[in-house]
Amino acid sequence: MSEVEVHVLASGSKGNCTVIKKGDSVILYDVGISCRRIVNGLKDLHIDMQEIEGIFISHEHSDHICGLKQILKKYDIPVYTKQHTWREIQDKLMVPKEQLIPLTKGSLTLGRLTVEAFSVSHDAADPIGINVFGGSDKVTILTDTGTVNDEILGRLD
Ligand SMILES: [Zn+2]
């Protein structure tokens, strides 16, 4: 059985984008670089953009979402984020409403990957980090958190 793979296409103040993959299930966490860079980065990993099952957005700052509008113009990929973040993105980017899906439940399973969002401290509407479970593997992805509290530490166990 394949393991969960994490590939960072970009990270830092100039843009963030992470690919999480297990077998044929692939998701993106943040799309803060251009659509072209993401498509090319995926190509290097032998992944086609069409294979992405969902995009998770941590928060609405442009270094986490600037590729989103272009991606949604070209591809029919659902985007998951918290309700308040969803609203901010809608206001900023005017992306089609039906492609944005608010994360209301505790966790969400897409193919072989289960994503669980947790709140982090950052100056945004409702920023999150994610835990991704695939079989017996667990990966935690956390960016831009101001402070690491006990709840967040618990998530890293
Ligand atoms: Zn930020």
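Residues numbered from 1 in each chain as written. Predicted model: local features only at pLDDT ≥ 70, side-chain atom pairs only at ≥ 80, totals over all residues. Heavy atoms only, no water.

> Report on the overall build of the protein, specifying residues and quantitative values.
Each helix and strand counted, the protein has five helices and ten strands in total. A compact globule built from 157 residues should have a C-alpha radius of gyration of about 15 Å, and the protein, at 14 Å, falls within 12% of that. If one aligns the C-alpha atoms of the protein with their principal axes, the spans along those axes are about 40 × 40 × 30 Å. Taken across its 157 residues, the protein has 47% of its residues classed as buried. Considering only residue pairs separated by 6 or more positions, the protein has 52% of its internal contacts joining residues 24 or more positions apart. Charged side chains of the protein number 17 positive and 22 negative; the gap between the two group centres comes to 6 Å. (Helix = DSSP H or I, 4+ residues; strand = E, 2+ residues; numbered from the N terminus. Rg over C-alpha atoms; globule rule 2.2 N^0.38 Å. Buried < 20%, exposed > 50% of the residue type's maximum accessible area, 1.4 Å probe, protein only. Contact = heavy atoms within 4.5 Å. Lys, Arg positive; Asp, Glu negative; His and termini not counted. Charge placed at Lys NZ, Arg CZ, Asp CG, Glu CD.)

> Lay out the pairing of strand E8 (residues 113–119) with the relevant residues and their values.
Of the strand pairs in this sheet, strand E7 (residues 107–110) and E8 are connected by four bridges, and their pairing is antiparallel. Each bridged residue has a counterpart across the sheet, and for leucine 110 the counterpart in E8 is leucine 113. What sits between the antiparallel neighbours E7 and E8 is a turn of two residues, in which glycine 111 has the positive phi angle 60 degrees. Inspection of the sheet shows E8 paired to strand E9 (residues 128–134) by six bridges, in the antiparallel sense. Opposite glutamate 116, over in E9, you have asparagine 131 as the bridge partner. (Pairing = 2+ DSSP bridges.)

Remember, this is a structural readout, not a statement about activity or role.
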